[in-house]
Each structure stands twice: as C-alpha cells, then as structure tokens.
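Okay, here's what each chain looks like letter by letter:
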Amino acid sequence: MGFKSGFVGVLGQANVGKSSFINALMGKKLLIVSEKRQSTRHRIRCVLTLPGAQIIFVDTPGLHQPVDKLSKYLLKQAYAALDGLDVLVYMTEPWGKLHEDDEKAFEHIRDFAKPIVLLINKIDLASKEQLEATKRAYQQTGLFREIVPISCTQGINLGLAANTIAELLPEGPKYFTDETQLDRPVEFVIAEFIREKIYQLTHKEVPYSTSVEVVHMGEREDGLMEIFANIYVARESQKPILIGNGGRMIKEIGRLARQEIEAFLGRHVYLDLQVKVRPGWNENEAEIAQLLGREG
C-alpha cells in the first residue's frame, strides 16, 4: 500500500478537547487551550507525519450558539472548514446519550461524502455504562465509519485514533516536509499564546472582545529576542481591566505569555504589550476580518 495523506477536519462543541487532542498527537503545544468558549478562532493546520502517512489536521472554532457578529463569523468558519476535507473527525464527550447540540450539528455534516470518525473524549471521567450508552446512541445516527473512545489528558487510545484516521486517508503525496508542524508563522503562535493568557485571567465579555497583533519581532544586539504586540479591545471601559491596578493585570498576562513563548522558541524573550481600543470591532464584519486576518 502506498503513502497516504490528506486533510482532516476536527469539529465539535466548544470545550470537548479538539485543540488538546491535536496538541497531544503533535507532542507539543501548538494550539491554545482554554476552558472558556470560542478560544479557537482560526482554521489552523497542524501537520502530523507518520511512517506511512501525513495527516494535516484542520482545527476549527468550537460549535456554539452565536450571540454577536464575531461568534457568527466563528461559526461560519467552523462549517466552512468542511470544504476540501478527506476525513472529518467529530469529537464529543461520554454524555450517556445523544447530545442535543451534537444532533443539531449533524444536520450540517449529514451530506458530508467522506469518512467521518467519532472520537469520544474524556472517557477517564465516565463510567463504563456511560461510555457504552454514548457509543450506542451515536452509532445509531449512521454517520460514523469508526468510533474511538479517547482521553487527551491521560493519553488513552491516541495512537489508535491517529492510526484509524490515517487508514481512511487516500493515497497521496507529502504536502509538507517532515519537519513542518504548523502552517502558520511564528508570530501567529505568539499572538495566540498572549490571547490564551487573556482568556485565562479575564472574565465576562473581556476575553471575547480582545484581539492580539504582533507588530514587531526581532533579535537585539545582545541576542535577546524582542517582541512587541498590541492587544485590541472593543470598548474604552475594557482597557483599564486589561491593564489592572498599577499595571498588575497586563504584567501577569505578559509574564505567563512569556513563559509559553520562551518554551516554544527555546530562548529568552523580551515581551512588550500595549492595550489599544478599536471601538466595536467585534460587531463590525470588516473589522473582524481585518483583525482576525492579522492574528492569522
């Protein structure tokens, strides 16, 4: 049998563990992870090269009920990712039944002509009865070629999941070199790490109203890598929240982001963060496309 390759979309409700699954397979943190919804904003390609196959994972924004133009844009991005896929991975949790939100999503993927694999994540948190009931309920939809129970946090069946997906790919070329893991520039990953810490440390509408742009990255004469980034907020009232009393919040965001960036780059960095206001950007389609385009 020849070499297999293709594009694999990972779709599912928010917080089921799509980014965690891809990070675990890649053996490196490339995608941000947050307990808050809508942390993934982009269709990001991560390249996993195996001895006999190359899987190009397309991570997508989590499925959710849209509440503003930004969330509508993200939902549109998620379903747009179905175009051009060779295999679709749908991820859910061991609910013990067919989740109503998944049932609604299946209306959009029922006509998908390529193989669909169901991954049931977080099985370490469920009973055997819950898992079996979930498998039966989702099998009855008739959508799935294969069903694989996994746990991203415990590393259960991740190799089985990767091999199952690879077997369903068509024969094809290596689209990327063996060394390639991500189809985005370094600046994109850095901006995402900063945004992840905003999600971690701020609450309510603030994380959903922010966008991050790396405006400069370069090596100083002393060998230190310097990075300057802008954090855009949608309202003037959000700026002091991100800065915090005496600048404590922005310093903590910078400190935690710098740890992630240094681990990713393997070197020390100087990180400068500036908070700026772009009034109502998350309700303006042109602003959304512009800012998220810059992030990406």
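Residues numbered from 1 in each chain as written. Predicted model: local features only at pLDDT ≥ 70, side-chain atom pairs only at ≥ 80, totals over all residues. Heavy atoms only, no water.

Novice: Go over the packing of aromatic side chains with me, naming the residues and quoting the values.
Specialist: Enumeration over the complete set of coordinates arrives at 7 aromatic pairs. Taken together, a centroid distance of 6.0 Å and an interplanar angle of 80 degrees make the contact between phenylalanine 106 and tyrosine 138 edge-to-face. Of this pair, phenylalanine 106 sits in helix H3 (residues 100–109) while tyrosine 138 sits in helix H4 (residues 128–139), and the two are 32 residues apart along the sequence. Both residues of the pair, phenylalanine 106 and tyrosine 138, belong to the buried class. Plain terms: the ring middles of phenylalanine 228 and tyrosine 270 are 6.0 Å apart, the flat faces sit at 65 degrees to each other, and that makes the pair edge-to-face. Residue phenylalanine 228 is located in strand E8 (residues 225–233), and its partner tyrosine 270 is located in strand E9 (residues 269–277); the two are separated by 42 residues in the primary sequence. The class of phenylalanine 228 is partly exposed, set by a relative accessible area of 25%. Stacked on the ring of phenylalanine 188, the Lys or Arg arginine 184 has its end atom at 4.7 Å from the ring centre. Looking at arginine 278, its charged tip hangs above the ring of tyrosine 232, at a distance of 5.4 Å from the centre. (Phe/Tyr/Trp six-rings, centres within 6.5 Å; stacked < 30°, edge-to-face > 60°. Helix = DSSP H or I, 4+ residues; strand = E, 2+ residues; numbered from the N terminus. Buried < 20%, exposed > 50% of the residue type's maximum accessible area, 1.4 Å probe, protein only. Lys NZ or Arg CZ within 6 Å of the ring centre and 35° of its normal.)

Novice: How would you summarise the side chain of asparagine 121 if you had to cite specific residues and measurements?
Specialist: Position of asparagine 121 relative to the elements: it lies in the loop between strand E5 (116–120) and H4. Here the side chain of asparagine 121 touches cysteine 152 through a polar contact of 3.1 Å, landing on its backbone nitrogen. If near-sequence neighbours (up to four positions away) are discounted, asparagine 121 is found in contact with Val16, Gly17, Met91, Thr92, Glu93, Pro94, Ile150, Ser151 and Cys152. (Polar contact = N/O pair within 3.5 Å; in protein donor to acceptor, adjacent residues only side chain to side chain. Contact = heavy atoms within 4.5 Å.)

Novice: I'd like a rundown of the packing of helix H1 (residues 18–26) against helix H5 (residues 158–168), residues and numbers included.
Specialist: Direction vectors running N to C along H1 and H5 enclose 95 degrees, while the axes themselves pass 10 Å from each other. Relative to H5, the element H1 is oriented roughly perpendicular. The segment H1 lies against H5, with Phe21, Ala24 and Leu25 engaging Leu158, Ala161, Ala162 and Ile165. Classifying every residue of the contact of H1 with H5 gives 7 nonpolar, no polar and no charged. (Axes fitted to C-alpha atoms, helices over the stretch in contact; angles between N-to-C directions. Parallel < 35°, antiparallel > 145°, perpendicular 65-115°, else oblique. Nonpolar A, V, L, I, M, F, W, Y, C, P; charged D, E, K, R; others polar.)

Novice: Break down the packing of helix H6 (residues 186–201) against helix H8 (residues 248–265) for me, citing the residues and quoting the values.
Specialist: A pair of packed helices is captured by two measures, namely the crossing angle of their axes and the spacing between those axes. It is the contact of H6 with H8, at a shortest axis distance of 9 Å, that shows an interaxial angle of 140 degrees. As judged from the angle between their axes, H6 and H8 are oblique. For the element pair H6 and H8, the recorded crossing hand is right-handed. Seen from H6, the contacting residues are Val186, Val189, Ile190, Phe193, Ile194, Glu196, Lys197, Ile198, Gln200 and Leu201; seen from H8, they are Met249, Glu252, Ile253, Leu256, Ala257, Glu260, Ile261, Phe264 and Leu265. Considered class by class, the residues forming the contact of H6 with H8 number 14 nonpolar, 1 polar and 4 charged. (Left-handed = near helix turned anticlockwise from the far one by under 90°.)

Novice: Before we move on, can you summarise the pattern of salt bridges with the specific residues and values?
Specialist: Here the structure, examined in full by the defined rule, presents 11 salt bridges. We note a salt bridge from arginine 267 to glutamate 219, for which the minimum N-O separation is 3.3 Å. With arginine 267 in the loop between H8 and E9 and glutamate 219 in strand E7 (residues 211–219), the pair connects residues that are 48 residues apart, well separated along the chain. By relative accessible area, glutamate 219 is classed as exposed at 54%. A salt bridge links arginine 220 to aspartate 222; the nearest nitrogen and oxygen atoms lie 2.9 Å apart. With relative accessibility at 30%, the residue arginine 220 sits in the partly exposed group. One network of salt bridges, with partners in common, ties together Lys29, Glu196, Lys197 and Glu260. (Salt bridge = Lys/Arg side-chain N within 4 Å of Asp/Glu carboxyl O.)

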